[in-house]
Amino acid sequence: MTTIVKLSPSQITFRAIKSKTILESALESDVVLEYSCKSGSCGMCESVLITGEVSDKQENIYKAGQRFLACQCKPTSDELTIEAEYYPELAEIMQKIVPCKVSSTDITADEYIIIKFRLPPSASFAFLPGQYINLHYQGIVRSYSIANSNAQDGIELHIRRVNRGAMSGLLFNNLSTNTLMRLEGPLGTFFVREDIRPIIFLAGGTGFAPVKSMVEKLIQQDSKRDIHIYWGMHNGSGFYSDLPMEWANKYENIHYVPVVSGEDSLWSGRKGFVHNAVVEDYHNLSTFAVYACGSPTMIAAAKADFIKKGLSGKHFFSDAFTESK
């Protein structure tokens, strides 16, 4: 059985299968709603129910006026109207699974690996900078953000070594050039919206990967928007790329602030939680757009504190991830 779902304010409609989540049905209908983790932890797909009813996996019923997660809830009425963002920019981008081969690897500080993959010439793998893929290798699947801006250059991933991590254990163990894997995607709704607002990019750990992708695209477009990059690491040796500093030195509109949260006697720069550095630097965030990528805890804290500083919730975009890979 199906349900007719109408989106507000776009007035887009699609059919949802009652045995599937609303997000699953939307994506299968090429209607891209905001989402990230699909597991219910990031909250990115939170929507408002205007009419109708839905239920979650625990069989809790949500009625008109209540907020619910589209990735966790299924329709229980024949018609629904929900307030949710629709992204026509992503409607033409097809998700697919393509083979890929490792073209290069670079391990830095024994903790991070940058892997570059080449794709078959016929793959036609298009994505928007900021999106992520699922990497398939030896029966294991993990999600990683794309770190480059153009699939013609292949696909670049930044991956942190995780203690007893199934995937990271394979990738850090003498990974050979030409190793065959598969990429599934692109996925997610994390991308730079067309706007004139100055941008604050907030990255925690390998959350720098999608930031790199998006900044590279803005540079290629000769964007004049002010770009402020805040990158947080536990210690100073963790900053595995010098690109943000190189951008800041080369382009007048790009600014970079690295922040260390752990004890590091050798670090003389900013210290503390990375989002607190933004709070300290700006009295009013009402004119900014923020793009944050990191742990769900970092993103939740940043959004709450930035809204207190005047940021509109409609201009806070995020991609939450965990590094237990």
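In the nomenclature of an unreviewed UniProt entry, the chain is known as 2Fe-2S iron-sulfur cluster binding domain-containing protein of Xenorhabdus budapestensis. The UniProt entry for the chain carries the following comment under Cofactor (unreviewed entry): "[2Fe-2S] cluster".

Peer 1: I'd love a proper account of the pairing of strand β16 (residues 227–233), names of residues and values included.
Peer 2: By the criterion of burial, β16 is predominantly enclosed, with 7 of the 7 residues buried. Going residue by residue along β16, you find Ile227, Ile229, Trp231 and Met233 tucked away on one face and His228, Tyr230 and Gly232 tucked away on the opposite face as well. Where strand β15 (residues 199–204) lies against β16, 6 bridges are found, and the strand directions are parallel. Each residue of the ladder has a partner; that of isoleucine 199, found in β16, is isoleucine 227. Crossover β15 to β16 through helix α3 (residues 208–220) is right-handed. In this sheet, strand β17 (residues 254–260) lies alongside β16 in parallel orientation, the contact comprising 7 bridges. Directly across from histidine 228, in β17, lies its bridge partner histidine 255.

Peer 1: Can you tell me about the sheet that holds strand β3 (residues 46–51), naming the residues and giving the values?
Peer 2: With respect to topology, 5 strands assemble into an open sheet ordered β2-β1-β8-β3-β6, the strand pairing being mixed. Looking at the sheet topology across the chains shown, the edges are occupied by β2 (13–17) and β6 (67–69). With direction set aside, neighbouring strand axes in the sheet form an average angle of 40°. Bridging between β3 and strand β8 (residues 79–83) involves 3 bridges; their strand directions are antiparallel. Counterpart to valine 48 in the pairing with β8 is glutamate 83.

Peer 1: Describe in detail the environment of isoleucine 107, supporting the description with residues and values.
Peer 2: Inspection of the secondary structure assignment puts isoleucine 107 in strand β9 (residues 96–108). Exposure remark for isoleucine 107: the relative accessible area of 40% places this residue in the partly exposed category. Placed 60 residues apart in sequence, isoleucine 107 and methionine 167 show a C-alpha to C-alpha distance of 15 Å. Beyond its immediate stretch of four places on either side in the chain, isoleucine 107 contacts Tyr112, Ile113 and Phe172.

Peer 1: Just give me the short version of the sheet that holds strand β4 (residues 54–55), but keep the residues and values in it.
Peer 2: Overall, antiparallel pairing links the 3 strands, which are arranged β5-β4-β7 in an open sheet. Across the chains shown, the open sheet's two edge strands, defined by having one partner strand only, are β5 (61–62) and β7 (74–75). Direction of pairing for β4 relative to β5: antiparallel, over a ladder of 2 bridges. From the neighbouring strand, serine 55 faces β5, where its bridge partner is isoleucine 61.

What counts and how
- For every chain, the first residue of the written sequence is number 1, and numbering continues from 1 onward in sequence order.
- Where local features are concerned, this predicted model is filtered to residues with pLDDT of at least 70; where side-chain atom pairs are given and counted, the filter is 80 or more; whole-chain, interface and lining totals use all residues.
- For the side-chain quantities, the full set of heavy atoms in the structure was used; hydrogens and water were omitted.
- UniProt positions are given in the numbering used here, feature names are shortened, and annotations may be inferred rather than shown by experiment.
- Think of it in three bands: residues with accessible area under 20% of the maximum for their type are buried, residues over 50% are exposed, and the middle band is partly exposed, with areas taken using a 1.4 Å probe on protein chains only.
- Strands are runs of DSSP state E lasting at least 2 residues, helices are runs of H or I lasting at least 4, and numbering of each runs from the N terminus.
- Strand pairing follows a simple DSSP-based rule, namely that at least 2 bridges must link the two strands.
- Call a crossover right-handed when, viewed with both strands pointing away from you, the route from the first strand across the helix to the second goes clockwise.
- Simply put, an axis is a line fit to the C-alpha atoms, just over the touching stretch for a helix, and the angle between two N-to-C directions goes from 0 to 180 degrees.
- Contacts were defined at the residue level, with two residues in contact if any of their heavy atoms lie within 4.5 Å.

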